[in-house]
Amino acid sequence: MSTVRAQWAIHGKLDRSWEEYAVIDSSHEPLARSDFTRIIDLFKSGTMEAHEQTKVGTSYFTGADGQSWVGLSRQSESDSRDGLGRIFAITEFVCVPWRELPASRVSYRALYDALNKRGGLPGPQPVILEVAGYDAAYLAGKVTDIARAAAALLLTGEHVCVVGADHLDFRERLDFLDAAAALLPYGFRRELAVSTWTSSSTRHRIRLSFAEVAPPDSTFKLQWRPDGSARVHDVPGSERIRSYVMQYEETLRGYQGQAMTNLIGFLAGQIEPRSFEKPEDCRSALSLLREPLPEPQPKPRPQPLPKPLEPAVRDQHTMSAKSPVQLLEDVLDAFRRWDRPRLGQLILRLRELADAGIPDPDRLSCRQLVRTSRLRFQSYRLNLPELQSFVPSLVNLLFTAPVQTGDIMEVILPEDKERRPTLNLRQLVCEELALLPGDQLSPAAKLLVADFSGRKQLQSMLSEMADEKLMEAAYELQSEVPTRIAVDEIIRRLFQEKSNMIDIVGQSNYLLRPIRFIASGEERIRYYRNVINACLGSPPRPEGLETILRQVSEIPEDFRAAAVLEAPPRSSSVLLTAIVMDDVRRQGLEGTPTGIAIDDRLSRMATPATEPTQTDEQTDDQDDDQDDEKPRRLNRVRNTLEGLFGVRFFGILVFVFAIAMTVVLVVRLR
């Protein structure tokens, strides 16, 4: 049994709601609700309508911080109805960092059972799942010829669909998917999406699935047979691909009974990340399969029983034989019982272990133990020598320098910010981390620890942090509150004339990733507008906008919108060129004849048009136009006067003017 910390989300509708399907609740950090929406939509196994059978599927993705995650979803019918009276589906989704899975070799069925056993999901904090160990014997009992064929066909990098299994319970299908995955090196699970049921009419990203009819994008179709028989035939691709796929299946057929159990246990130890998109990873799987399995260790011959030891010596031997996790459990138990004589010996042994260093899997297990601990300490005990000696040793046991934010997030919980009369173990660890020298913590870890120590400490830390370190922290932080504060501080410094933050922001892709982590929708656009506005300077010029857009590696839609809103006058050609060339790069057309032609056409469109030379005929036409302009001017004057005084008054005025001119003419003639 192992413990994993999973982020979670619920996707569906609210009772009697008229809204469409969406994420209606989720954990908060480090994944945002928009991240869950993207992941669930990306790995949908078909339409979201309710299905009579529960659907279980897995997914994989990379977070904003570059960390790989593996997810599992359970979709079932809701007991409620929407605004139109229709039954709708509810999807429960959990995901675990990939780095936590190889340590305990979690299977899909074990992760599903842990979610099912957990029942309701908690508030905004992650959920702690108690996952059963990797049972190689159970998986070996589920291996059939169809599972062998599916595992071999997956090595082509194409999709595999099993049909004709409608009568099976979804748990049986999940066991089959687990067995097929167990016949590959465990590292492939990092990029393996499976599902117990998919829609036949919908394109999806599921690599191994069940369906009534194989979807159009499934290259391979396997027919389910009651006896589990199947063979690989007609493998597309090169002769080399066909060869190693069929060899892989034939090699798997050579393992039966206990040999299959040993093989699955051996493959579970191959935890290096692998990709179905890399032919070299798939080819190496066959080489790995042909390696001789490690021989089981022979049972040692019985030795004469030792003589009984003295109590003090016996306790010392017992402590030295225990693992770091067991020793830490004993220390915590001694604190609960307040067994001071025993505490001294245990803390001394723990300090020796911490100074010597422990393997990473043991360190991760110790972090999980501290994270789930409910031990609290009264204020009057905080100054006792046992506790003051234990906490520094515990920090040395849990972390290595420089401490990263991911390491701290594996220990502390969001609710640890609340201060009570009693302190828990995680709060003591956080206070001890705040006392470490500056070079022992990464910039982001400093901000995270300061955030848990209080807002004043965080603001003080921000004011003292150099521009480069602040930017590094903003990109590394995995907690929303300190990330938001760091981004706000960066934008504040951007508007300071003496700050060199503008150059640093430009080199860091204009805060795209941290802003995407903390905000969405209009709020994200407002953040981008502030960054662009500060970097453009005053007065804003099109050349400045061109520099910004050129430095952004891939321009997201919301950043484009912010650039349009902050664009200075006469910068439309700059925006058009930047957006079109960004699309050219995304489609891989840069440097191709099409990409060069597009670039050339954009350059010509941006060049101002020259005035053509006038010919004599054009000059004569211009003179005629000027002659025609005189009557037009008179007409405009007449129309203006008629509008001011009315038609009748204007007629009287003209009549009087004519009489006056006649009188003047007669006088002159005399």
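Before reading on, note that the structure itself is shown above.
Residues numbered from 1 in each chain as written. Predicted model: local features only at pLDDT ≥ 70, side-chain atom pairs only at ≥ 80, totals over all residues. Heavy atoms only, no water.

Student: Just to check I follow, could you spell out the overall build of the chain for this structure?
Tutor: The helix and strand tally for the chain stands at 29 helices and 12 strands. When each of the 670 residues of the chain is scored for burial, the buried share is 47%. Excluding contacts between residues fewer than 6 apart, the proportion of contacts in the chain whose partners are at least 24 apart in sequence is 70%. Carbon and sulfur atoms make up 52% of the accessible area of the chain, which amounts to about 35,300 Å² in all. (Helix = DSSP H or I, 4+ residues; strand = E, 2+ residues; numbered from the N terminus. Buried < 20%, exposed > 50% of the residue type's maximum accessible area, 1.4 Å probe, protein only. Contact = heavy atoms within 4.5 Å. Areas by Shrake-Rupley, 256 points an atom, 1.4 Å probe, with all protein chains shown as cover.)

Student: What's the story with the packing of aromatic side chains in this structure? I'm lost.
Tutor: Given two aromatic rings, one states the distance between the centres and the angle between the planes to describe the pair. A complete count under the given rule lists 12 aromatic pairs for this structure. Summarising the aromatic geometry, the rings of F335 and F390 are spaced 5.1 Å apart at their centres and angled 50 degrees between planes, so their arrangement reads as tilted. On the criterion of sequence distance, the pair formed by F335 in helix α11 (residues 324–337) and F390 in helix α14 (residues 385–398) is long-range, its members being 55 residues apart. Taken together, W98, Y134 and Y186 form an aromatic cluster joined through their ring pairs. Positioned over the ring face of Y108 is R189, at 4.5 Å from the centre of the ring. (Phe/Tyr/Trp six-rings, centres within 6.5 Å; stacked < 30°, edge-to-face > 60°. Lys NZ or Arg CZ within 6 Å of the ring centre and 35° of its normal.)

Student: Can you walk me through the environment of P514 in this structure?
Tutor: Along the chain, P514 turns up in helix α22 (residues 512–518). P514 sits in the buried class, given a relative accessible area of 3%. Linking P514 and T483, residues 31 residues apart in sequence, is a C-alpha distance of 7.0 Å.

Student: Teacher, can you tell me more about the pairing of strand β5 (residues 87–97) here?
Tutor: Working note: regular strand, side chains alternate between the two faces of the sheet. For β5, a buried count of 10 out of 11 residues is recorded, marking the element as mostly surrounded by other parts of the structure. Where strand β1 (residues 2–12) lies against β5, five bridges are found, and the strand directions are antiparallel. Its bridge partner being in β5, H11 is matched across the sheet by T91. Here 10 bridges tie strand β4 (residues 68–81) to β5, and the two strands are oriented antiparallel to one another. Looking across to β5, one finds that V70 is bridged to V96. What sits between β4 and β5 in their antiparallel hairpin is a turn of five residues, with G85 showing a positive phi close to 80 degrees. (Pairing = 2+ DSSP bridges.)

Student: Sorry if this is basic, but what is going on with the packing of helix α23 (residues 521–536) against helix α25 (residues 557–566) here?
Tutor: Any two packed helices are characterised by how steeply their axes cross, that is the angle between the axes, and by the distance between the axes. The N-to-C vectors of α23 and α25 enclose an angle of 50 degrees; their axes lie 8 Å apart at closest approach. Comparing their axes, α25 and α23 come out oblique. Of the two possible hands of crossing, α23 and α25 adopt the one that is right-handed. For the pair α23 and α25, the contacting residues are R524, I525, Y528, R529, I532, N533 and L536 in the first and D558, F559, A561, A562, A563, L565 and E566 in the second. Split into classes, the residues belonging to the contact of α23 with α25 amount to nine nonpolar, one polar and four charged. (Axes fitted to C-alpha atoms, helices over the stretch in contact; angles between N-to-C directions. Parallel < 35°, antiparallel > 145°, perpendicular 65-115°, else oblique. Left-handed = near helix turned anticlockwise from the far one by under 90°. Nonpolar A, V, L, I, M, F, W, Y, C, P; charged D, E, K, R; others polar.)

Student: What is the right way to read the side chain of T251 from this model?
Tutor: Secondary-structure assignment places T251 in helix α7 (residues 239–253). Judged by its relative accessible area of 19%, T251 falls in the buried class. Leaving out residues up to four positions away in the same chain, T251 has contacts with L286, L289 and R290.

Student: Before we go on, may I ask you to explain the pattern of salt bridges in this structure?
Tutor: Pairing between side chains of opposite charge can happen when their charged atoms approach one another. The full count for this structure, using the stated rule, is 26 salt bridges. With its nearest N and O atoms 2.4 Å apart, the salt bridge here joins R74 to E92. Taken as a pair, R74 in strand β4 and E92 in strand β5 lie far apart in primary sequence, 18 residues in all. The same class applies to R74 and to E92, which are both buried. The shortest N-O distance in the salt bridge between E410 and R99 comes to 2.7 Å. With E410 in the loop between α15 (405–409) and β12 (423–424) and R99 in the loop between β5 and α2 (101–104), this residue pair connects regions lying 311 residues apart in the sequence. For R99, a relative accessible area of 40% gives the class partly exposed. Shared partners join several salt bridges into a network, and the residues in it are R99, R367, D407 and E410. (Salt bridge = Lys/Arg side-chain N within 4 Å of Asp/Glu carboxyl O.)

Student: Could you clarify how one ought to interpret the environment of A110 in this entry?
Tutor: Summarising the element assignment, A110 is placed in helix α3 (residues 108–118). For the pair A110 and V131, spaced 21 residues apart in sequence, the C-alpha to C-alpha distance is 5.8 Å. Residue contacts for A110: discarding those within four places in its chain leaves V131 and A132.

Student: Would you explain the nonpolar core in this entry?
Tutor: The tendency in soluble globular proteins is for nonpolar side chains to be buried as a group. Ranked by size, the top nonpolar core spans 89 residues in total, and within it F335, F390 and F559 carry the most contacts. When residues are assigned to domains, this core turns out to be shared by domain 3 (298–314 + 321–464) and domain 4 (572–611), each giving three or more. Discounting chain neighbours no more than four positions away, the residues touching F559 are Y510, L512, Y528, I532, I548, L549 and V552. If you look at the next biggest cluster of nonpolar residues, it comprises 75 residues, including L177, W224, M260 and L263. (Core = buried A, V, L, I, M, F, W, Y, C linked by side-chain atoms within 4.5 Å. Domains from an automatic or database assignment.)

Student: Sorry if this is basic, but what is going on with unusual backbone geometry here?
Tutor: Note that the residue after A401, namely P402, is joined by a cis bond; omega there is -10 degrees. Its location among the elements puts P402 in the loop between α14 and α15. We note that R570 has phi near 60 degrees; this positive angle belongs to a residue other than glycine. Tracing the chain through its elements places R570 in the loop between α25 and α26 (572–586).

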